[in-house]
Amino acid sequence: MSSARDKLEGFIYFLPLFAAVLFLFLYPLLYSTYVSFTNMNLLNFFRHTYRFVGAFNYVLALRQHYISTLLINEVIWTLGSLIPMMALGFALALILNQRDLRGKSFFYAILILPWAFPGFISLLVWQGMWVYPYGFMNRYVLPFLHMPTINALQSVGDAWAELIITNLWLSFPYYMTVFYSGLQSIPAELYEIADVDGAGALTKFLRITVPSLRKTIAFVFITSFVFTWNNFYPIYVLTGGGPGISTETFIVYAYQQAFSYSNYGIAAALSIISTVITIVLAVVVMKFTGVLEGIT
Amino acid sequence: MKSSRRSISTVALATIIIVVVVVAAVGGYVAYVSTRHHVTTTTTTQVVTLTVADSYSSSENIAFNASLAAFEQKYPWIHVKVEYGAGIGTSPYTSEAKAHDAPIIIRDSSDSAGALFAAGILVNLSQYLPPSYFSRFNPTAIQDWTLNGSVYGLPDDINYIVMFYNKKFITAPPNTTDQMIQMAEQVNKSGVWGIAYGASDEYGYRFAAWFAGFGGQIFTTQNGEIVPALNSSAMVNALNFWYNLTYDLKVNYLASSTGAGGVEGQLFMENKAAIIFDGPWDLMPYFKALGCNLGAAPLPVVSSTGLYATPFIGSTGWSITTEQANGVPASQWNATLHAALLFIEFMTNYSNEYGLFKYAGDIPALNSAYNAAMQNLSAPTSNTTLACLHQVIKGILEQSQHGQKFPNIPQMSYYWNSFHQYASEFFAGKINAEQAAQGMEQAFISSLQSAGYLSPVPITPSEVLIVPELPASRY
């Protein structure tokens with residue numbers, strides 16, 4: 001009797017969370033899935049005259065030539081952003097973690113500045129900085145670094161460079177902060193013992209730092225992979241997916257299908273395809289890299 | 001026993017909390033909905049509240065606010081709630097309409113509103129206003145607001161792009177594209193861009209003028225069906241024309257953004273570009289920056305075809321949403337519709353349209369306001385600045401003689417991205433002009449087919465793509 005009451009009590013405590021999940025996650029997901037099986041568009045949306053069309057939208061999306069382009073773009077965008085972002089974040093965290101570094105707080109405050117600005121406003125500023133040849137990047141920074149100027153309107157490579165550099169600037173403070181807090185949680189005694197054993201810097205890094213940060217790296221990789229895959233604003237604001245659809249990703253393309261063409265059915269199908277691919281990739285990554293063990 | 005009582009009281013407490021939360025949520029929602037009702041009734045007089053989505057710019061709002069005050073004074077039983085800064089387009093209103101919470105009155109462009117009308121979101125004004133009422137407006141503007149014989153909005157202006165030029169570099173505007181190129185080459189020698197036109201960034205609104213100048217049209221009719229006609233020699237020649245000006249002659253700056261706030265406008269206002277193509281909506285910032293050096297003229301004749309580059313003659317205006325879209329209860333709909341009709345008639349009357357011209361340089365769609373504006377421009381004035389501004393506006397008005405009707409059929413909304421995708425690839429050097437023309441037409445057709453606007457049978461290309469050698473003209 002008591003056990004049943006406990007279960008009921010547990011269920012009541014669970015209810016608010018269940019309601020939140022139901023309305024904020026499950027309902028939109030189920031509704032999108034439903035829309036993806038209909039021919040819903042602007043003309044029939046309001047009149048409720050849309051109808052069930054089976055997997056037509058999926059077949060249509062998968063048969064279009066752009067699907068392979070979108071997939072390749074997703075890989076370039078996700079891995080092209082994620083690898084330098086994690087590497088830079090990790091490197092900066094290692095620098096900040098130096099015990100004898102002076103003005104650590106000052107440097108940390110400077111480095112997390114990109115976080116202080118709203119992302120969308122930052123993107124608008126970056127849009128101006130990339131204007132060829134008058135923007136700050138093309139006029140001062142790139143020539144100063146003896147690097148070629150970038151014109152996203154005239155080159156696909158330039159468009160990707162513009163997107164990835166901007167995304168790197170916007171995102172590295174997050175990676176740096178997470179890795180930095182992870183590094184600080186490693187007991188100093190481990191390094192002291194390693195010093196006594198005569199371990200070099202590389203050995204300490206590979207044998208102590210990396211294994212200790214396994215959970216952190218796993219968490220950052222999985223969450224950032226999904227976030228970057230679906231990151232909409234940098235592409236939409238900076239290149240609009242262009243030239244052509246050379247930098248377009250699923251989410252940008254789906255947005256345009258929904259809000260430029262009002263093809264809600266196809267937009268929903270593209271979103272579902274993107275979600276399924278993300279889940280499959282995440283599962284594959286977790287299985288073959290063992291990062292799940294790191295998390296659990 | 002004690003533990004059991006405690007667990008019961010915990011369950012009871014949790015239940016109470018949940019009940020309170022649910023009651024508060026439901027109550028709050030009901031309270032919210034009740035405040036969202038657009039029509040409130042008093043026991044003595046029926047007071048109507050109109051929700052209005054206002055998409056005017058800040059200079060246009062000076063005229064609008066004056067008209068609004070006059071309206072509320074004249075009709076004290078109508079209360080107007082204005083949502084300033086509303087967007088132009090379909091997307092702001094479709095979700096609201098679905099939730100039965102759209103504004104009762106919207107100000108939108110004729111093409112976006114056309115799609116909303118086709119979707120059943122806007123009222124057919126032809127059912128409430130006689131044909132004679134519409135005849136007081138510019139015929140092209142009314143055509144812009146007519147779909148299948150039904151008028152779905154009252155125009156408050158007509159708009160199109162013109163050629164703005166800087167008299168510091170160009171003393172008299174070019175009449176032909178050959179002249180334009182010669183002038184641009186001269187200007188370029190002084191380190192100033194001859195032209196700033198971001199052909200790769202645009203979605204085909206401005207390019208449509210050049211496409212028409214090379215003899216093209218966006219749609220054609222085949223077997224009674226409206227089909228795209230982008231895959232034509234006119235498109236190939238128009239694309240190549242701007243490619244040559246950009247990459248071969250290097251007289252055109254391929255800007256990444258348009259308008260006074262974009263790169264094109266910034267270069268123009270800073271005396272770094274001599275010619276841009278923009279609409280009268282950006283007149284004031286340009287005039288403020290360049291003063292009497294600002295000139296405006298119609299787009300030139302394309303030398304190779306002898307045809308004018310003809311921009312879309314579009315229009316913005318006022319529409320009323322249906323009761324299903326705005327959620328006004330059926331019992332209050334008649335009074336609301338009556339008030340809404342009074343409002344849109346008032347906002348498109350002489351006084352308001354002339355006010356928009358006076359404060360913002362908008363071109364009136366109402367014939368009487370247009371004539372008054374013309375008279376005002378011809379009147380002598382000792383104010384040099386005003387005389388200069390009048391000269392610019394005269395140049396803008398001249399363009400209205402050489403325009404094309406803005407297609408407001410729902411199919412048009414599938415043109416923009418199809419054009420943009422392939423034009424931007426062309427200007428990035430990924431494909432040639434023939435591939436761009438074919439690609440944009442195919443994308444256009446696919447979009448129309450997937451939206452059900454076009455039968456899925458293969459369509460014969462509207463024109464066999466044999467690009468002729470252009471005659472004597474250089475481009």
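Computed from a predicted structure; not experimentally measured.

> Can you lay out the pairing of strand E7 (residues 154-159) of chain B for me, pointing to particular residues and giving the numbers?
Residues and elements named next belong to chain B. Of all six residues in E7, six are buried; the element is thus mostly enclosed. Here E7 runs beside strand E17 (residues 312-320); their pairing, made up of five bridges, is antiparallel. Residue pairing for E17: Pro155 is matched across the bridge by Gly317.

> An account of the sheet that holds strand E8 (residues 162-166) of chain B is needed here, citing residue identities and associated values.
Residue and element names in this part refer to chain B. Spatial ordering of the open sheet is given by E12-E9-E13-E8-E14, a layout of five strands whose pairing is mixed. Sheet topology places strand E12 (252-253) and strand E14 (294-297) at the edges, where each strand pairs with a single neighbour. In this structure, strand E9 (residues 193-196) lies alongside strand E13 (residues 273-278), joined through two bridges in parallel fashion. For Trp193, the partnering residue across the bridge sits in E13 and is Ala273. Packed on one face of the sheet, helix H7 (residues 177-189) meets E9 and E13 and runs near 120 degrees to E9.

> Provide a residue-level description of unusual backbone geometry, including the pertinent values.
Between Tyr132 of chain A and Pro133 of chain A the backbone carries a cis peptide bond, its omega angle lying at -5 degrees. Within the secondary structure, Pro133 of chain A sits in the loop between helix H7 (119-129) and helix H8 (136-144). Cis peptide bonds are those with omega within 30 degrees of zero, and the linkage from Gly242 of chain A to Pro243 of chain A qualifies with 0 degrees. Among the secondary structure elements, Pro243 of chain A is positioned in the loop between helix H13 (233-238) and helix H14 (250-259). Of note, His48 of chain A is a non-glycine position whose phi angle comes to about 60 degrees, a positive value. Relative to the helices and strands, His48 of chain A is located in the loop between helix H2 (42-45) and helix H3 (56-63). Located in the positive-phi region is Lys250 of chain B, a residue other than glycine, with phi close to 55 degrees. With respect to the helices and strands, Lys250 of chain B occurs in the loop between helix H9 (233-248) and E12. With 14 C-beta atoms counted inside 10 Å, the residue Lys250 of chain B sits in the partly exposed group.

> Describe in detail the nonpolar core, supporting the description with residues and values.
Residues Ile105, Ala196, Leu239, Ala273 and Ala274 of chain B are the most contacted members of the largest nonpolar core, which totals 179 residues. The greatest single-element share of this core, amounting to nine residues, is contributed by H9 of chain B. Three or more residues apiece are contributed to this core by two domains, here domain 2 (40-152 + 316-374) and domain 3 (162-311 + 402-450) of chain B. Those residues in contact with Ala273 of chain B, other than ones at most four positions away along the chain, are Val192, Trp193, Ile195, Ala196, Tyr253, Leu267 and Phe268 of chain B. Of all hydrophobic cores here, the second largest spans 15 residues; its members include Leu82, Phe172, Met176 and Tyr180 of chain A.

> Can you lay out the interface of chain B and chain A for me, pointing to particular residues and giving the numbers?
Taken residue by residue, the interface counts 40 residues in chain B and 31 residues in chain A. The set of elements that each furnish at least two residues to the side of chain B that touches chain A consists of helix H1 (2-36), helix H3 (91-98), helix H4 (110-118), helix H17 (415-427) and helix H18 (433-450) of chain B.

> So what's going on with the packing of H9 of chain B against H18 of chain B? Residues and values would help.
Each pair of packed helices can be described by the angle between their axes along with the distance between the axes. Residue and element names in this part refer to chain B. Following both chains from N to C, one finds H9 and H18 inclined at 125 degrees, their axes separated by 9 Å at the closest point. The angle between the axes of H9 and H18 places the two elements in the oblique class. Like other packed secondary-structure pairs, H9 and H18 cross with a definite hand, here right-handed. In this structure, H9 uses Met235, Val236, Leu239 and Asn240 to contact H18, whose residues at the interface are Ala433, Glu434, Ala436 and Ala437. Classifying every residue of the contact of H9 with H18 gives six nonpolar, one polar and one charged.

> Tell me about the packing of helix H2 (residues 58-74) of chain B against helix H14 (residues 350-360) of chain B, and name the residues and values.
Residue and element names in this part refer to chain B. Where H2 contacts H14, the two axes come as close as 8 Å, and the packing angle between them is 150 degrees. Relative to H14, the element H2 lies roughly antiparallel. The two elements H2 and H14 meet at a crossing, and its hand is right-handed. The segment H2 lies against H14, with Ser59, Glu60, Ile62, Ala63, Ala66 and Ser67 engaging Ser351, Asn352, Gly355, Leu356, Lys358, Tyr359 and Ala360. Considering only residue class, the contact of H2 with H14 consists of six nonpolar, five polar and two charged.

> Quick one: what's the story with the environment of Tyr108 of chain A, residue by residue and with numbers?
By the secondary structure assignment, Tyr108 of chain A is in helix H5 (residues 104-111). Each C-alpha atom of the pair Tyr108 of chain A and Leu92 of chain A lies 9.4 Å from the other, and the pair is 16 residues apart in sequence.

> How would you sum up H17 of chain B? Please name residues and give values.
Relative to the 18 Å expected for 13 residues at 1.5 Å per residue, H17 of chain B spans 18 Å between its end C-alpha atoms, a close match to the ideal helical length. By the burial criterion, the buried members of H17 of chain B are Tyr415, Asn417, Ser418, Phe419, His420, Gln421, Tyr422, Ala423, Ser424, Glu425, Phe426 and Phe427 of chain B. At its buried positions, H17 of chain B is contacted by H14 of chain A together with helix H8 (207-213), H9 and H18 of chain B. The first or second residue beyond H17 of chain B is Gly429 of chain B, which carries a positive phi of 80 degrees.

Definitions and limits used
Residues numbered from 1 in each chain as written. Chains lettered and ligands numbered in written order. Predicted model: local features only at pLDDT ≥ 70, side-chain atom pairs only at ≥ 80, totals over all residues. Buried ≥ 20, exposed ≤ 12 C-beta atoms within 10 Å, placed from the backbone. Helix = DSSP H or I, 4+ residues; strand = E, 2+ residues; numbered from the N terminus. Pairing = 2+ DSSP bridges. Contact = placed C-beta atoms within 7 Å. Axes fitted to C-alpha atoms, helices over the stretch in contact; angles between N-to-C directions. Core = buried A, V, L, I, M, F, W, Y, C linked by C-beta atoms within 7 Å. Domains from an automatic or database assignment. Parallel < 35°, antiparallel > 145°, perpendicular 65-115°, else oblique. Left-handed = near helix turned anticlockwise from the far one by under 90°. Nonpolar A, V, L, I, M, F, W, Y, C, P; charged D, E, K, R; others polar. Expected span 1.5 Å × (residues − 1).

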